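# Architecture at a glance
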Amino acid sequence: MLFRFFYASPIRDTEGRVTYVLELLRDVTERVRREFELKRRNQELTLLNSLATIINRSLKADEVFSNVLDKLVETFGMDGGGFFLLDEKRKILECTFHKGISEQFVREAGRVKLGEDIPGKVALTGKPITTEDVSTDERVLRSILKHSGIKGYCCIPVRGKERILGVFCLFKFEEHFFTEDEERILTSVGEMTGLALENIRLYEGIKEMFRSQQERRQKEKEFLLKLTSTFASVEDINDLIKEATELLFEFVQADAIMFWELPDEKSLSIRYTKGIAPGISTISFDTTCPEVYSIEMKKPIPIFDIADYERFYFIDALKIEGFKSLLALPVMVGDKVLGVFTVAHRVHRKYDDDELHFLRTVADVFGVAYERSYLYEKRMLEKGLAEAILNTISEGVCTVSSTGRIISVNKAVERLLGESVVSLVGQHYKDVFRRFSNKECPVGNALQGKESEGEFMILRDGEPHIIKIQSLPLIDPSGRIYGAVQVMRDITKEKEIDRMRTDLIRSVSHEFRTPLSAIVGLTEMLLDKEVQGERADLYLKTILEEGLRLSEMVSDLLNISKIESGKDRLILTEIDFNEIVDTIKTLFARSFHKKKIEFDFKYDGTLDGFMADRDKLLKMLTIIIDNSVKYSDTGAKISLKIRPHEGYVIIELSDTGWGIPEKDLPYIGERFYRGRHASVTKGTGLGIALCKEIVQLHGGSIHIKSKLGKGTTVTILLPREVKNAKNNGN
């Protein structure tokens, strides 16, 4: 096509008439073409710039593609269009954005397999397809578009950097020829939208990754807070292990978890398990397994598929129960390994570096808490052992600080002073001591670095008790006094024993002096021939009686001493009370006859199998009956009753003798104590004391009731089963 420029100008004469016409003709084809090309390029750039503005204005796919589609339809005078995005996994194109067509048509034609129909072919080949009339285009053999009323149609690939991401289509219900320029512009738009789609997907991916990271960090933060708060509230190491294992089990969504403890340098020992019964309790360090390997490497060992690691030994239960993945997570404090977690999944589970780093942090936190609980438990055991030892000793132990405040006391102090441990701790020692004594407390000297002791008396349960206190300073290695320790001991019994020992020596000396004086004096008279005949016989008889009384006294003292020292043991035999009473009757026949005493014995014979020491039982009854005879008038009555009662044997001996004054009753049984009747009859005052020892040796008790002038009743309770005795003398 040629373009010419025509110019005509009239030439006039002097009178103004047109005499000639000057015509100029110029070829401007090239200039017009340049102007048209410039206009076209301007229009193209304007379109592309406007599309670039649309694309850059938003990172939301629906906004970008709907606005781009509107602009293309407007610019090219189309009736509508659509964007198809490619699902690479399913190999399907889906119409995501459309204009100018019904939803019904989109449901029928909006999903196309890769390689089928026009959009599928364009997506597969990456080459655009344009047609003036799709219904008559011989290139399109099978397409739903042929019968849709659409004529002018173009389909352009949406191209990313390395792959086709989808296609976009424009259509018109009239015939329309797409020029090369239009096709070129649309191809550029396809490339622009492809890059925009990649950027949107990259942004969405980064956004999703950031959101996932935020969610993970929040989840990890919440988990750590929950973990640390749990550790802070749990002191028992078993509870700590249980709580930590179950929290970790829930956090990683495991199907099974085990915690192996490291008791020594040779093996791992199972401490807690959930979701699996491992079937073994220990793993030797000689075993090539993930747990041991994680300890050697001192880092987590993730295993995506157990089947791929034939060189490792796995617990049989993991394979039998179908576990696929595993994580061995060592628990460490610094370089010290305390144990290892085995986390198992029934599906293939991959742990990324961030997860492993966080789980290692969790294991470290648990390791610190575990070691703290272990040391706390050890310290509490040691403290409990020390307290148990202190609380089992009879002496009271009290410690005070350098300022004099009571730091600790054992149970014995509470028993000795009659005040609770809680009320004593925290008080100043002077305030406590002042309540019991006006003397200077030895603790003050101990806090000055001097060992000191003292005594004070307290009233407890209405009875006076003498407490001895010994105080020693507590000195650290640098020589600084940081407190004092007191040992308190109730020496009331010791004082009483000293008194009794003195009284015993005095009594023994007195009791021995009388018969010895008689024996020595009468013997001298016999040797000097001062007496002869019947008088000499009387003296010899007296010497014999005093010697026998002295021998009996010594024998009773030795028996009591032997029982008290624990050297005397019972020799159990089955007791026949009829036989014992027959022996007693024989022994006291002359005494009963002389004083005309009536002896009554009641026994129903229902104590078969009763075991006791026969000789000691006979000795005890002999002493009691002898006392009844000795302290009774002529014609008195003595009654002996024996019967069973609720696991005990009751021996009851009553007489109608003189009785015991009320003031003497509390002292009956003390050695050498004879009371009011000592001036009337001879005796040692050791008989009832020996009876008490015999009864206690059998594990029984003795009770005496008496009224002056009415008689005395002695009741003895013996258990039917006697412990700590020799049986049948063997």
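Refer to the structure above for everything that follows.
Throughout this description, residue numbers start from 1 for each chain and increase along the sequence as written. At least 70 in pLDDT is required for a residue's local features to be given in this predicted model, at least 80 for side-chain atom pairs to be given and counted, and no such filter applies to totals for whole chains, interfaces and linings, which use all residues. The basis for the side-chain values is all heavy atoms of the structure; hydrogens and waters are excluded.

## As for the packing of aromatic side chains
Aromatic rings considered in pairs are described by the distance between their centres and by the relative angle of their planes. Here the aromatic set is Phe, Tyr and Trp, taking the six-membered ring for Trp, and pairing holds for ring centres within 6.5 Å; pairs whose planes are under 30 degrees apart are stacked, those over 60 apart are edge-to-face, and all others are tilted. According to the stated counting rule, one finds 23 aromatic pairs in the structure shown. Plain terms: the ring middles of Tyr631 and Trp658 are 6.0 Å apart, the flat faces sit at 70 degrees to each other, and that makes the pair edge-to-face. Of this pair, Tyr631 sits in the loop between α18 (614–630) and β23 (637–645) while Trp658 sits in the loop between β24 (648–655) and α19 (687–697), placing them 27 residues apart in sequence. An aromatic cluster of three or more residues is present, and its members are Phe231, Phe259, Phe341, Phe366 and Tyr370. The ring of Phe312 has Arg311 lying over it, and the distance from NZ or CZ to the ring centre is 4.5 Å. Secondary structure counts use DSSP, requiring at least four H or I residues in a row for a helix and at least two E residues in a row for a strand, with both numbered from the N terminus. Geometrically, a lysine NZ or arginine CZ counts as sitting over a ring once it is within 6 Å of the ring centre and also within 35 degrees of the ring normal.

## Some words on the side chain of Thr399
Within the secondary structure, Thr399 sits in strand β15 (residues 396–401). Of note is the side chain of Thr399, whose polar atom sits 2.7 Å from the side chain of Ser408. Contacts are assigned to residue pairs that have any heavy atoms within 4.5 Å of one another. In contact with Thr399, other than residues within four places in its own chain, are Arg405, Ile406, Ile407, Ser408, Ala484, Val485 and Gln486. Each polar contact in these results corresponds to two N or O atoms within 3.5 Å; when the atoms are within protein, one needs to be able to donate a hydrogen and the other to accept it, and residues that are neighboring in sequence are counted only if both atoms are side-chain atoms.

## Quick notes on the packing of helix α2 (residues 61–75) against helix α5 (residues 180–233)
Axes here mean lines fitted to C-alpha atoms, for a helix over just the part in contact, with angles spanning 0 to 180 degrees between N-to-C directions. Where α2 meets α5, the closest approach of the two axes is 11 Å, and the angle between their N-to-C directions is 170 degrees. Relative to α5, the element α2 lies roughly antiparallel. Between α2 and α5, the residues in contact are Ala61, Val64, Phe65, Val68 and Leu72 and Leu186, Val189, Thr193, Leu197 and Ile200, respectively. Residue polarity is assigned by list, with Asp, Glu, Lys and Arg as charged and Ala, Val, Leu, Ile, Met, Phe, Trp, Tyr, Cys and Pro as nonpolar; anything else, Gly included, falls into the polar class. Along the lines of polarity and charge, the residues of the contact of α2 with α5 split into 9 nonpolar, 1 polar and no charged. To sort the angles, those under 35 degrees are grouped as roughly parallel, those over 145 as roughly antiparallel, those from 65 to 115 as roughly perpendicular, and the leftovers as oblique.

## Re helix α6 (residues 237–251)
The length a helix should cover is 1.5 Å for every residue beyond the first. For α6, which comprises 15 residues, the first-to-last C-alpha distance of 21 Å matches the rise-based estimate of 21 Å (1.5 Å per residue) to within 8%. Relative accessibility under 20% of the residue-type maximum defines a buried residue, over 50% an exposed one, and the middle range a partly exposed one, all with a 1.4 Å probe and only protein chains included. Regarding α6, the residues found buried are Ile237, Leu240, Ile241, Ala244, Thr245, Leu247, Leu248, Phe249 and Phe251. For α6, the side-chain oxygen to backbone nitrogen distance between the N-cap and Asn238 is 3.1 Å, and the N-cap itself is Asp236. Count one or two residues on from α6 and you reach Gln253, which has phi positive near 55 degrees.

## Focus: the pattern of salt bridges
Take a side-chain nitrogen of Lys or Arg and a carboxyl oxygen of Asp or Glu: if they are within 4 Å of each other, that pair is a salt bridge. A complete count under the given rule lists 22 salt bridges for this structure. Of the charged contacts, one joins Glu88 and Arg163 as a salt bridge, the two residues approaching to 2.8 Å between their closest N and O atoms. Highlighted residues: Glu88 in the loop between β3 (80–87) and β4 (92–99) and Arg163 in the loop between β7 (152–159) and β8 (164–172), separated in sequence by 75 residues. Given a relative accessible area of 40%, Glu88 falls into the partly exposed group. The partner of Glu321 in a salt bridge is Arg346, with the nearest N and O atoms 3.3 Å apart. Residue Glu321 is found in the loop between α8 (316–320) and β13 (325–333), and its partner Arg346 is found in the loop between β14 (336–345) and α9 (353–392); the two are separated by 25 residues along the sequence. Given the relative accessible area of 33%, Glu321 is considered partly exposed.

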